[in-house]
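Chain residues, written in single-letter form:
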Amino acid sequence: MNTEKLNTKIELTEAAIDLYIEDKFSIPNLTKKTGKTASEIYSLFPNKKALLKFYYPSLVIRYRAMIGEIEDFESYTISEKLSNFAFTLFDMMDERREFVEDTFEKYEWTCTSKSEFQQEIKDLFKDFFTTDGNIATSAGFFMGDLFYASLKTQFLYLIKFWLQDDSDDRERTFALTDKITGFIEELVYSTIVDKGFDLAKYSLSAFGFRRQVEDFNDWVSSWFEDEPEEEVEIEIEDEEENEANNNSD
């Protein structure tokens, strides 16, 4: 979708939400408010509900445009990027808090199917992590779809917490966000496992552990080898000699 159509969708959605808050949401009222015809509206949205639901993915789309204007955004740490996203969306949602309080649970929180908003969040987080040069090599073992889905779910919990937070200036939400993003950074930036791998590789090459393992395998295999034939022959000869001596007696 080109930028012009995308901007038109966002404009229509925001106008629809304003009408929703005023309890005047209808397509005729939306055409009057925006100057768009009903056919133009339905060419972008399949129904009235889609107009309202697009508000949530539009938050992420607008956020992407915002960070594109931040020159040093790529230099942010992963916790700074995640926190910036969370705090910015809280501010954006606060502008239409009444709508969010009325629709977030039914449109996103209890949504059983994959929503566009949730997919946009996952894609954004994936961009954050895959372009961060400070991510530890070992973090790649768990940074798959399940990891990004977990981050997305955690963010939905944060929104739910933000909606229910009655502390001054929502201090508890900000504190929780800082703790979560800080923990995530510690998790993916930690090089402890990387250093463990390096130590193991060095030990194998420097101390000959690989050779020792091969020697151990040979030793165990020797347990199951047959005894040399000459020893058997000696035993047979000894038995025959003893038998001859007994007969002579």
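Residues numbered from 1 in each chain as written. Predicted model: local features only at pLDDT ≥ 70, side-chain atom pairs only at ≥ 80, totals over all residues. Heavy atoms only, no water.

A. A look at the overall build of the protein chain. Counting secondary structure elements, the protein chain contains 13 helices and zero strands. Within the protein chain, the fraction of its 249 residues that count as buried is 37%. Taking as baseline every contact in the protein chain between residues at least 6 positions apart, the subset at least 24 positions apart corresponds to 71%. (Helix = DSSP H or I, 4+ residues; strand = E, 2+ residues; numbered from the N terminus. Buried < 20%, exposed > 50% of the residue type's maximum accessible area, 1.4 Å probe, protein only. Contact = heavy atoms within 4.5 Å.)

B. Broad picture of helix H8 (residues 116–130). Between its terminal C-alpha atoms H8 stretches 21 Å, which fits the 21 Å expected from 15 residues at 1.5 Å a residue. Restricting attention to buried positions, one finds in H8 the residues Phe117, Gln118, Glu120, Ile121, Lys122, Leu124, Phe125, Phe128 and Phe129. Buried residues in H8 make contact with helix H5 (55–67), helix H6 (78–94), helix H7 (97–109), helix H9 (145–164) and helix H10 (171–189). (Expected span 1.5 Å × (residues − 1).)

C. Examining the side chain of Ser167 more closely. As for its position among the elements, Ser167 is in the loop between H9 and H10. Given the relative accessible area of 18%, Ser167 is considered buried.

D. Structural context of helix H2 (residues 27–34). Turning to H2, its buried residues are Ile27, Leu30 and Thr34. Angularly, the buried residues of H2 cover 55 degrees about the axis, an arc narrow enough to put them on a single face. (Arc of directions from axis to C-beta.)

E. Looking closely at the packing of helix H1 (residues 3–21) against H2. At a minimum axis distance of 10 Å, the contact between H1 and H2 shows a crossing angle of 120 degrees. Between H1 and H2, the angle is such that the two are oblique. Remark: the crossing between H1 and H2 carries right-handed chirality. Counted together, Glu11, Leu12, Ala15, Ala16, Asp18 and Leu19 of H1 and Asn29, Leu30, Lys33 and Thr34 of H2 form the full contact between these two elements. Across the contact of H1 with H2, the residue classes tally to five nonpolar, two polar and three charged. (Axes fitted to C-alpha atoms, helices over the stretch in contact; angles between N-to-C directions. Parallel < 35°, antiparallel > 145°, perpendicular 65-115°, else oblique. Left-handed = near helix turned anticlockwise from the far one by under 90°. Nonpolar A, V, L, I, M, F, W, Y, C, P; charged D, E, K, R; others polar.)

F. Quick look at the confidence of the model for the protein chain. For the protein chain, per-residue confidence averages 84 on the pLDDT scale, and residues scoring 70 or more make up 76% of the total. Ranking the elements of the protein chain by mean pLDDT puts helix H13 (residues 229–248) last, at 48, and H6 first, at 97. Considering only residues more than four positions removed or in separate chains, one finds that residues 219–227, a stretch of pLDDT under 50, has zero contacts. Per-residue pLDDT stays below 50 along residues 229–241; that stretch engages in zero contacts with residues further than four places along the chain or on separate chains. (pLDDT = per-residue confidence, 0-100.)

G. Quick look at the nonpolar core. Core analysis: the biggest nonpolar cluster contains 58 residues, and Phe85, Phe128, Phe129 and Phe155 have the highest contact counts within it. Among the elements that take part in this core, H9 stands out by supplying nine residues, more than any other. Setting aside residues no more than four positions away along its own chain, Phe155 makes contact with Phe85, Ala86, Leu89, Phe117, Ile121 and Phe125. (Core = buried A, V, L, I, M, F, W, Y, C linked by side-chain atoms within 4.5 Å.)

H. A look at the packing of aromatic side chains. In total, this model carries 22 aromatic pairs according to the counting rule given. Their ring planes at 25 degrees and their centres at 6.2 Å tell us that Tyr56 and Phe99 sit as a pair that is stacked. Here Tyr56 is found in helix H5, whereas its partner Phe99 is found in helix H7, with 43 residues between them in sequence. Overall, the relative accessible area of 0% leaves Tyr56 in the buried class. On the basis of relative accessible area, Phe99 is assigned to the buried category, the value being 0%. Chaining the aromatic ring pairs together yields one cluster made of Tyr20, Tyr55, Tyr56, Phe99, Phe104, Trp109, Phe117 and Tyr157. Its guanidinium or amino end placed over the ring of Trp162, Arg97 lies 4.4 Å from that ring's centre, counting from NZ or CZ. (Phe/Tyr/Trp six-rings, centres within 6.5 Å; stacked < 30°, edge-to-face > 60°. Lys NZ or Arg CZ within 6 Å of the ring centre and 35° of its normal.)

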